[in-house]
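Reading the structure
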Amino acid sequence: MKIKKLLVVLLALTAVCVFGTVGLTGCGELKPPTEFKFELSTRAYSFKTASGADTYQIIINKILNDTTGKSLSTYTTIEREEKGQTIVQPADTAAEKVTMPGSSESVYIWSAAICNEMSIKDTMGTGTVSGNLLIYKFVSNTDAPTLLDGVTDEIPLGHYYISCYSVGSDGVRSAEPAWLEFTVEGQLAIPQFTAKVDGDKMTISLNSSYIDEALRTEGLPESIKLEVSDGTSTQTVTFDDWSYYSTVIGPATSYNYMFLEKEITVKENSTYSIKAVANGDGDKIKDSETVDSGEFTDEFSNATSSGGQGGGPGGPGGPGGMVQKLTAIAPFGAGAESVSVTINAGGTDYQLTGALAEEPGEGSTYTYSLSGKGGMGEAITGTLVLKNDGSIAYSVSGFGPFAAISGGGTWSESDGTITCVAG
């Protein structure tokens, strides 16, 4: 990721998020420091001291780039069913709505600060304080934040606010901080999802691990839109609410996203395709590339790790179990009796062998029956179809904890060698 431009706007706000918490500060008489400056490329800061201040505190929080205001919004309680009983559970404080001074504009700030430096002092007594900030990245829900090594492009994609408070000898902060805003520009990661067909119903589930990564490192989309075709009509399915409640088990905090699954009605016994894109802010946070599922009949998934509604890292798994993925189809000669296919399940590669069918099937040039074994000796079966129009369709059965998958792609022939590219 490259930093294309640094936006610096001096602001003052009345609320701030600190490491792991969100809330208002004490209302002391202190004024915030002045002439506050921050240079993203070097992590350097400077400011003029405020009268009566003993120390200073600098905090950097990620702004949730979401115009709907739904992203990680907080709930007072969450009611959920468990073993026949209704449990009322306090919700995690995930974001704070902050209104800009002198206007009606508001933003939502994630509670996890990437910088929180306290006890900064004017040790030289010059009235000017300067230094370099330590900035962290949240790599997972279970590990402590990782200190970045000073390379600017390691700061995760997103919009940020950096605040500087004056702190009195009694520990009370100034009612308002000095603020700077900056943006780490870039393109969102492609959305990950699973689509599963049952009769005339299709269930679409976003991968919660993808949303976790988007929040921490890849940039949180304003929305994810999927164009779903059943061969007769096309429907648009939109996700834009990343609200969650948290579950703490030992050292792990799992984010349980509440609205990552939707069901739509489709034409039964048809061939389906989906195009999906993660939408940015329309400015410096760019839309992702488009995911094209290709044609499938039962199920498609491009998820790279387990997830789905109600499942974050360390949380419950996604629909149908853990996710496998077809990663490679080895080139082979035209009319070859067998082909080699690689799938990855849980980080382990498994080899499948495809046997050429005597009859390729209507509209197809070649059809292969796939077979192989899982890590515990489980049978894995599937099909690989090379269609006359240059597309492919594949399916692989579920095994162990891994759900069945299906998908599409393209194939081409050159000098008697066939090359397949899975979608």
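Residues numbered from 1 in each chain as written. Predicted model: local features only at pLDDT ≥ 70, side-chain atom pairs only at ≥ 80, totals over all residues. Heavy atoms only, no water.

Before going further, it helps to spend a moment on the overall build of the protein. Helices and strands together make up the secondary structure of the protein, namely one helix and 36 strands. Counting over 423 residues, the protein shows a buried share of 48%. When contacts within the protein are restricted to residue pairs at least 6 apart in sequence, long-range pairs at least 24 apart make up 61% of them. (Helix = DSSP H or I, 4+ residues; strand = E, 2+ residues; numbered from the N terminus. Buried < 20%, exposed > 50% of the residue type's maximum accessible area, 1.4 Å probe, protein only. Contact = heavy atoms within 4.5 Å.)

Taken together, the side chains of Asp198, Asp200, Glu261, Glu263 and Glu268 define an acidic patch exposed on the protein surface. Structurally, Asp200 can be placed in the loop between β17 (193-198) and β18 (201-206). (Patch = residues over 30% accessible without salt bridge, like charges linked within 9 Å, V, L, I, M, F, W, Y side chains within 5 Å. Areas by Shrake-Rupley, 256 points an atom, 1.4 Å probe, with all protein chains shown as cover. Salt bridge = Lys/Arg side-chain N within 4 Å of Asp/Glu carboxyl O. Lys, Arg positive; Asp, Glu negative; His and termini not counted. Charge placed at Lys NZ, Arg CZ, Asp CG, Glu CD.)

With 62 residues, the main nonpolar core has Met202 and Ile204 as its most contacted residues. When neighbours within four sequence positions are excluded, Met202 is seen to be in contact with Ala195, Lys196, Val197, Val228, Lys262, Glu263, Ile264, Val266, Tyr272, Ile274 and Phe296. Core analysis: the next-biggest nonpolar cluster, separate from the first, contains 24 residues, Ile380, Leu384, Ile405 and Ile418 among them. (Core = buried A, V, L, I, M, F, W, Y, C linked by side-chain atoms within 4.5 Å.)

Turning our eyes to something else, we now look at the side chain of Arg216. If you trace the backbone, Arg216 turns up in helix α1 (residues 208-218). Among the residues examined, Arg216 registers a relative accessible area of 5% and is labelled buried. Engagement of the side chain of Arg216 in a polar contact is seen with the side chain of Glu213, the distance being 2.6 Å. (Polar contact = N/O pair within 3.5 Å; in protein donor to acceptor, adjacent residues only side chain to side chain.)

Structurally, His159 is set in strand β14 (residues 158-167). His159 sits in the buried class, given a relative accessible area of 12%. At 3.1 Å, the side chain of His159 and the side chain of Thr183 are in polar contact.

In space, the four strands of this open sheet follow the order β20-β19-β24-β26, with antiparallel pairing throughout. With one partner strand each, in any of the chains shown, β20 (234-239) and β26 (291-292) form the two edges of the open sheet. The pairing of strand β19 (residues 223-229) with strand β24 (residues 273-279) spans seven bridges and is antiparallel. Paired with Ser229 across the two strands is Ser273, which belongs to β24. (Pairing = 2+ DSSP bridges.)

Moving on to the environment of Ile285. Note that Ile285 resides in strand β25 (residues 285-286). Measuring from C-alpha to C-alpha, the distance between Ile285 and Val184 comes to 8.3 Å, with 101 residues separating the pair along the chain.

Bringing the packing of aromatic side chains into the picture now. Under the counting rule described, the total for this entry stands at 11 aromatic pairs. When the centroid spacing of 6.4 Å and the interplanar angle of 65° are considered together, the rings of Phe36 and Phe47 count as edge-to-face. With Phe36 in strand β3 (residues 34-39) and Phe47 in strand β4 (residues 44-48), this residue pair connects regions lying 11 residues apart in the sequence. With respect to class, Phe36 is no different from Phe47; both count as buried. Members of the aromatic cluster, joined through ring pairs, are Phe36, Tyr45, Phe47 and Tyr56. One Lys or Arg, Arg173, reaches over the ring of Tyr165 and ends 4.0 Å from the middle of that ring. In this arrangement the basic side chain of Lys262 is found over the ring face of Phe239, its NZ or CZ atom lying 5.1 Å from the centre. (Phe/Tyr/Trp six-rings, centres within 6.5 Å; stacked < 30°, edge-to-face > 60°. Lys NZ or Arg CZ within 6 Å of the ring centre and 35° of its normal.)

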